[in-house]
Amino acid sequence: MSAEARINERIRVPEVRLIGPEGEQVGVVRTDDARKVAYEADLDLVEVAPKAKPPVAKIMDYGKFKYEQAQKARESKKNQQQTVVKEQKLRPKIDDHDYETKKGNVVRFLEKGSKVKVTIMFRGREQSRPELGFRLLERLANDVEEYGVVEAKPKQDGRNMTMVLGPVRKGKK
């Protein structure tokens, strides 16, 4: 069944419970009669509750109804918050200065409210020492614990080890 409401001739049931243009209950009427009343008022017959017995139809301006629905959808979309996942890549043999720079980036991302996926890339013989990457991720998690919390523990997948950090929510402080 489509999400779109059936209107006018698309309503193919013998009778409907009719609601007038001002919201008043008219009662159970034949669909043809309800359609005639809607046309006389220069409005549309819109099926608002198709699952009811008999289905409920309302006399309204369908174009205005669709516009108001679109406005409500746009307004609710405006209030939603998109979660952004930033990625920071590291190597197991990272120098201290480079580590501090990468840590600063992670802190900046977390302060802006983004999640951060920290990836350690292993090459060649580094793959035989995954504990180096694990220790590096633990160190990073401890260094940024006032800005973010670990949402996904470090895990190895192929040549990479990943961990996800989420920002600390202000309400918990």
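Residues numbered from 1 in each chain as written. Predicted model: local features only at pLDDT ≥ 70, side-chain atom pairs only at ≥ 80, totals over all residues. Heavy atoms only, no water.

In the nomenclature of an unreviewed UniProt entry, the protein corresponds to Translation initiation factor IF-3 from the organism Corynebacterium propinquum. Listed in UniProt under the heading Sequence similarities (unreviewed entry), the comment for the protein reads: "Belongs to the IF-3 family." Reading the Subcellular location (unreviewed entry) entry of the UniProt record for the protein gives the comment "Cytoplasm". (UniProt positions renumbered as here; feature names shortened; annotations may be inferred.)

Taken in spatial order, the 4 strands of this open sheet run 2-1-4-3, and their pairing is mixed. Looking along the sheet, the strands with just one partner apiece sit at the ends: strand 2 (25-30) and strand 3 (44-49). Geometrically, the sheet is characterised by an average inter-axis angle of 35 degrees between neighbouring strands, direction not taken into account. Where strand 3 and strand 4 (residues 56-60) come together, 5 bridges link them in antiparallel fashion. Across the sheet, residue E47 finds its bridge partner in strand 4, namely A57. Where helix 1 (residues 31-40) meets the sheet, its contacts fall on strand 1 (15-19), strand 2, strand 3 and strand 4, and the angle it forms with strand 2 comes to roughly 125 degrees. (Pairing = 2+ DSSP bridges. Helix = DSSP H or I, 4+ residues; strand = E, 2+ residues; numbered from the N terminus. Axes fitted to C-alpha atoms, helices over the stretch in contact; angles between N-to-C directions. Contact = heavy atoms within 4.5 Å.)

So, on to the pairing of strand 2. Both strand 1 and strand 2 contribute to a ladder of 5 bridges, which runs antiparallel. When the sheet's bridge partners are listed, E15 is paired in strand 2 with R30. Joining the antiparallel neighbours strand 1 and strand 2 is a turn of 5 residues, in which G23 adopts a positive phi near 90 degrees.

Moving on, we come to the UniProt feature "domain: Translation initiation factor 3 C-terminal" (unreviewed entry) in the protein. UniProt marks residues 84-167 with the feature "domain: Translation initiation factor 3 C-terminal" (unreviewed entry), using the numbering shown here. Across residues 84-167, the secondary structure splits into 36% helix and 37% strand, with the terminal C-alpha atoms separated by 11 Å.

What the 4 strands build is an open sheet, ordered 5-6-8-7; its pairing is mixed. Bordering the open sheet on either side are strand 5 (85-90) and strand 7 (148-157), each of which pairs with just one other strand. Along the sheet, successive strands turn relative to each other by an average axial angle of 20 degrees, direction set aside. Where strand 6 (residues 115-121) meets strand 8 (residues 160-167), 6 bridges bridge the pair, whose relative direction is antiparallel. In the sheet register, V116 faces strand 8, and the bridge partner there is L165. Those strands touched by helix 3 (residues 96-111) are strand 5, strand 6, strand 7 and strand 8, and its axis lies near 170 degrees from that of strand 5. Together, strand 5, strand 6, strand 7 and strand 8 form the strand contacts of helix 4 (residues 130-143), whose direction differs from that of strand 8 by roughly 10 degrees.

Attention shifts here to the nonpolar core. Counting residues in hydrophobic clusters, the biggest one holds 18 residues, and the most contacted among them are V106, V118, I120, L140, V144 and L165. Mapped onto this core, the elements with two or more residues apiece are helix 3, strand 6, helix 4 and strand 8. The element best represented in this core is helix 3, accounting for 5 residues. If we skip the residues at most four places from it in the chain, V106 touches Q88, V116, V118, L140, V144 and L165. Judged by nonpolar contacts, the second largest core, of 9 residues, contains V29, A34, A57 and I59. (Core = buried A, V, L, I, M, F, W, Y, C linked by side-chain atoms within 4.5 Å. Buried < 20%, exposed > 50% of the residue type's maximum accessible area, 1.4 Å probe, protein only.)

Next up on the list: the packing of aromatic side chains. The tally for this structure, following the rule as stated, stands at 1 aromatic pair. Here the aromatic rings of Y62 and F65 are separated by 6.2 Å at their centres, their planes lie at 35 degrees, and the arrangement is tilted. Of the two residues, Y62 and F65 are both situated in helix 2 (residues 62-79); the distance of 3 residues between them amounts to about one turn of the helix. Of the residues examined, Y62 reaches a relative accessible area of 12% and is grouped as buried. With relative accessibility at 23%, the residue F65 sits in the partly exposed group. In this structure, R139 packs its charged tip against the face of Y99, placed 3.8 Å from the ring centre. (Phe/Tyr/Trp six-rings, centres within 6.5 Å; stacked < 30°, edge-to-face > 60°. Lys NZ or Arg CZ within 6 Å of the ring centre and 35° of its normal.)

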